[in-house]
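# Results of the structural survey
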Amino acid sequence: MSYKTVNEFEHFNFKESYIASLELSLSNFHAYLDHVTILPENSKNRDIREMRTNGLCLTIQDATITNFVEEGYKVYDADGNLKSQYDDTPVSTEQYAETFENLSGCMIYSLEKKDDLYIFSIDTDDHTYLLTVKGSGDSEEWERFMNMNEE
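So, here is what we can say about the structure in this document.

Parameters at a glance
- Here the residue index of a chain counts from 1 through its sequence in written order.
- Where totals are concerned, whole chains, interfaces and linings use all residues; where local detail is concerned, this predicted model gives features only for residues with pLDDT of at least 70, and gives and counts side-chain atom pairs only at 80 or more.
- In computing side-chain values, all of the structure's heavy atoms are included and hydrogens and water are not.
- By the criteria applied, helices consist of DSSP H or I runs no shorter than four residues and strands consist of E runs no shorter than two, each listed in order from the N terminus.
- Each accessible area value is a Shrake-Rupley result obtained with a 1.4 Å probe; residue values ignore everything except the protein chains displayed when judging cover.
- Charge counting follows a simple rule: Lys and Arg are positive, Asp and Glu are negative, and His as well as the terminal groups are ignored.
- Every charge is mapped to an atom, namely NZ of Lys, CZ of Arg, CG of Asp or CD of Glu.
- Throughout this description, buried means an accessible area under 20% of the type-specific maximum (1.4 Å probe, protein chains only), exposed means over 50%, and partly exposed covers the range between.
- Being paired, for any two strands, means DSSP has found at least two bridges between them.
- Here a polar contact is taken to be a pair of N or O atoms separated by no more than 3.5 Å, where protein atoms must pair a possible hydrogen donor with a possible acceptor and residues adjacent in sequence count only if both atoms sit in side chains.

### Let's talk about the overall build of the protein
Within the protein one finds 1 helix and 15 strands. Dimensions of the protein along its principal axes, counting C-alpha atoms only, are 55 × 35 × 25 Å. Carbon and sulfur atoms provide 43% of the accessible area of the protein, an area that totals close to 8,700 Å². For the protein, the distance from the average position of its 12 positive side-chain charges to the average position of its 30 negative side-chain charges is 6 Å.

Encoded structure:
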């Protein structure tokens, strides 16, 4: 890849980026993302304005998934009466690969870092997943910068 940053997570905005794929290896978690905003403070951003990229690989080192759930929700009728309620559903370790594959093409509602935790909120067509990955650091790699209005 042409550009690489290490531990510059806060110099990207991942809101409304799209998941190309997610992978968990023995020691790292990889999120391949499109439509990522590169902030002016990023050490590789020479334009000093918000830029965008596709094909960014976010790698979380020494990764462990600490929480992975399909978030619960409530269904109401037109009068505001509760029709049904669904609780959070944990994703088991055996389901990771299949669920990662199903999340391909979905949008990231938010991606935050709190201490050593990376917290993904992922929107599907009708559900939301919450994925928390613990790691010792991160790196970001991508090929090119694009103007914000480029497709």
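### Considering unusual backbone geometry
The backbone phi angle of Glu16 is positive, close to 70 degrees, even though this residue is not glycine. As for its position among the elements, Glu16 is in the loop between β2 (12-13) and β3 (18-24). Taking the relative accessible area as the measure of exposure, Glu16 reaches 42% and is therefore partly exposed. With phi around 55 degrees, Ile48 is a residue other than glycine that occupies positive phi space.

### Thoughts on the pairing of strand β13 (residues 117-123)
Burial runs high along β13: 5 of the 7 residues are buried. Where strand β12 (residues 107-114) meets β13, 7 bridges bridge the pair, whose relative direction is antiparallel. The partner of Lys114 across the bridge, within β13, is Leu117. As consecutive antiparallel partners, β12 and β13 are separated by 2 residues, and within that stretch Asp115 has a phi angle of approximately 60 degrees, a positive value. Alignment of β13 against strand β14 (residues 128-134), held across 7 bridges, turns out to be antiparallel. Looking at the pairing, Ser121 lines up with Leu130 of β14.

### Points about the sheet that holds β2
The pairing of strands in a sheet comes from backbone hydrogen bonds and takes either a parallel or an antiparallel form. Reading across the sheet, the 3 strands line up as β2-β5-β6 and stay open at both edges, with antiparallel pairing between neighbours. Of all the strands in the sheet, the pair left with one neighbour each is β2 and β6 (51-53). Strand direction decides the pairing type here: β2 and strand β5 (residues 36-38), joined by 2 bridges, are antiparallel. Counted as the bridge partner of Asn13 is Thr37 from β5.

### Focus: the environment of Asp126
In this structure, Asp126 sits in the loop between β13 and β14. In this structure Asp126 comes out as exposed when scored by relative accessible area, which is 57%. Sequence separation of Asp126 and Tyr73 is 53 residues, and the distance between their C-alpha atoms is 9.9 Å. A polar atom in the side chain of Asp126 sits 2.6 Å from the side chain of His127.

These figures capture arrangement, not role.
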